[in-house]
Amino acid sequence: MSLHDDAVLVLKSYAPEDDSAQDELRQVYLDHLAQHPDGMWKACGAGHLTASALVIDADRGRVLLTLHRKLRMWLQMGGHCEPQDSALAAAALREATEESGIEGLTLLAGGPVRLDRHPIPAPCHWHLDVQYAALAPAGATEQISDESLDLRWYAYDEVAAVADASVARLLEGTLAALEQRA
């Protein structure tokens, strides 16, 4: 199965509970993939899917954010899909592992926790981000990658003060998923 086909299956099974905006966004993603066979890749000028993951500590009380080197914003780990990615979830896990330096991350079962569409500079127009949550193993130690200026653990109630609204929404979605999927 291609990464494109996997993404379509993931999005078709993504069922945001009582969230019409997320359901509408899911359809935007599906329409994009139907119209753009290259919609998984950075080269797609109309925009492309990306995969990210919010890393949660083993005690489930903090999240790890990266100070993104180019954007200079505190964000979750994530980025572009690569040809070697076998699935959208695998891309999110790879990105989270590379950017956090933490081995042994596991994605929260049940698929993505949110979708987030945001504009990017030309030549592309949109990132269609599929957002997961990843659990760090006990005793995990982060290591800054070339893509980050810094990595820092934040208590849940500190996130809104340091990150933008999209990360705060991802945290809300992650906390709800932790409750539902526990």
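Our subject is the structure listed above.
This write-up is about the structure you can find in this document.

**Some points on the overall build of the protein chain**
Point 1. The helix and strand tally for the protein chain stands at five helices and eight strands.
Point 2. Ordered by position from N to C terminus, the α and β elements of the protein chain give α-α-β-β-β-β-α-β-β-β-β-α-α.
Point 3. For 182 residues, the compact-globule formula gives about 16 Å, and the C-alpha radius of gyration of the protein chain, at 15 Å, lands near that figure.
Point 4. With respect to the three principal axes, the spread of C-alpha positions in the protein chain is 45 × 35 × 30 Å.
Point 5. Counting every position in the protein chain, which comprises 182 residues, the buried fraction comes to 49%.
Point 6. Of all intrachain contacts in the protein chain linking residues separated by at least 6 positions in sequence, the fraction that spans at least 24 positions is 67%.
Point 7. Carbon and sulfur atoms form 52% of the exposed surface of the protein chain, whose accessible area is close to 8900 Å².

**What about helix H3 (residues 88-100)?**
Along an α-helix, a turn takes 3.6 residues, which lines up residues three or four apart on a common side.
Point 1. When the terminal C-alpha atoms of H3 are compared, their 18 Å separation across 13 residues agrees well with the 18 Å that a helix rising 1.5 Å per residue should span.
Point 2. For H3, the complete set of buried residues consists of Leu 88, Ala 91, Ala 92, Arg 94, Glu 95, Ala 96, Thr 97, Glu 99 and Ser 100.
Point 3. Directly beyond the C-terminal end of H3, a positive phi value near 75° is found at Gly 101.

**Remarks on unusual backbone geometry**
Point 1. Within the chain, Arg 60 stands out as a residue other than glycine whose phi angle is a positive 60°.
Point 2. Relative to the helices and strands, Arg 60 resides in the loop between strand S1 (48-56) and strand S2 (62-68).
Point 3. If you check the backbone angles, Arg 72 has positive phi at about 55° while not being a glycine.
Point 4. Structurally, Arg 72 can be placed in the loop between S2 and strand S3 (74-75).
Point 5. With a relative accessible area of 58%, Arg 72 lands in the exposed category.

**Section: the pairing of S1**
Note on strand geometry: in a regular strand, side chains alternate between the two faces of the sheet.
Point 1. Within S1, nine of the nine residues are buried, which leaves it mostly tucked inside the rest of the structure.
Point 2. Burial along S1 is two-sided: His 48, Thr 50, Ser 52, Leu 54 and Ile 56 facing one way and Leu 49, Ala 51, Ala 53 and Val 55 facing the other are all buried.
Point 3. Pairing analysis gives nine bridges linking S1 to strand S7 (residues 126-135), with the strands arranged parallel. Pairing of Ala 53 across the sheet is with Tyr 132, part of S7.
Point 4. If you look at the hairpin formed by S1 and S2, you'll find five residues sitting between the two strands, and Arg 60 has a positive phi there, around 60°.

**Here we look at the packing of aromatic side chains**
Point 1. All told, the structure shown has one aromatic pair when counted by the stated rule.
Point 2. In this arrangement the basic side chain of Arg 117 is found over the ring face of Trp 126, its NZ or CZ atom lying 3.6 Å from the centre.

**Quick look at the nonpolar core**
Where a protein is soluble and globular, its nonpolar side chains tend to be buried together.
Point 1. In this structure, Leu 11, Tyr 29, Met 40, Leu 49, Val 55, Leu 88 and Val 130 are the most contacted members of the largest nonpolar core, which totals 32 residues.
Point 2. Counting only elements with at least two residues in this core, the list comes to helix H1 (3-13), helix H2 (20-35), S1, H3, S7 and strand S8 (148-155).
Point 3. Of the residues forming this core, the biggest block, five residues, is contributed by H1.
Point 4. If sequence neighbours within four positions are ignored, Val 55 has contacts with Arg 62, Val 63, Leu 64, Met 77, Ala 96, Ile 102, Leu 105, Ala 134, Ala 136 and Trp 153.
Point 5. In this structure, Trp 74, Leu 75, Leu 108 and Ala 163 belong to the second largest nonpolar core, which totals 19 residues.

**Some words on the pairing of strand S6 (residues 114-119)**
Point 1. Relative to S7, S6 runs antiparallel, the two being bridged by six bridges. Residue Asp 116 lies in a different strand from S7, and its bridge partner there is Asp 129.

Procedures and definitions
- Residues numbered from 1 in each chain as written.
- Predicted model: local features only at pLDDT ≥ 70, side-chain atom pairs only at ≥ 80, totals over all residues.
- Heavy atoms only, no water.
- Helix = DSSP H or I, 4+ residues; strand = E, 2+ residues; numbered from the N terminus.
- Rg over C-alpha atoms; globule rule 2.2 N^0.38 Å.
- Buried < 20%, exposed > 50% of the residue type's maximum accessible area, 1.4 Å probe, protein only.
- Contact = heavy atoms within 4.5 Å.
- Areas by Shrake-Rupley, 256 points an atom, 1.4 Å probe, with all protein chains shown as cover.
- Expected span 1.5 Å × (residues − 1).
- Pairing = 2+ DSSP bridges.
- Phe/Tyr/Trp six-rings, centres within 6.5 Å; stacked < 30°, edge-to-face > 60°.
- Lys NZ or Arg CZ within 6 Å of the ring centre and 35° of its normal.
- Core = buried A, V, L, I, M, F, W, Y, C linked by side-chain atoms within 4.5 Å.

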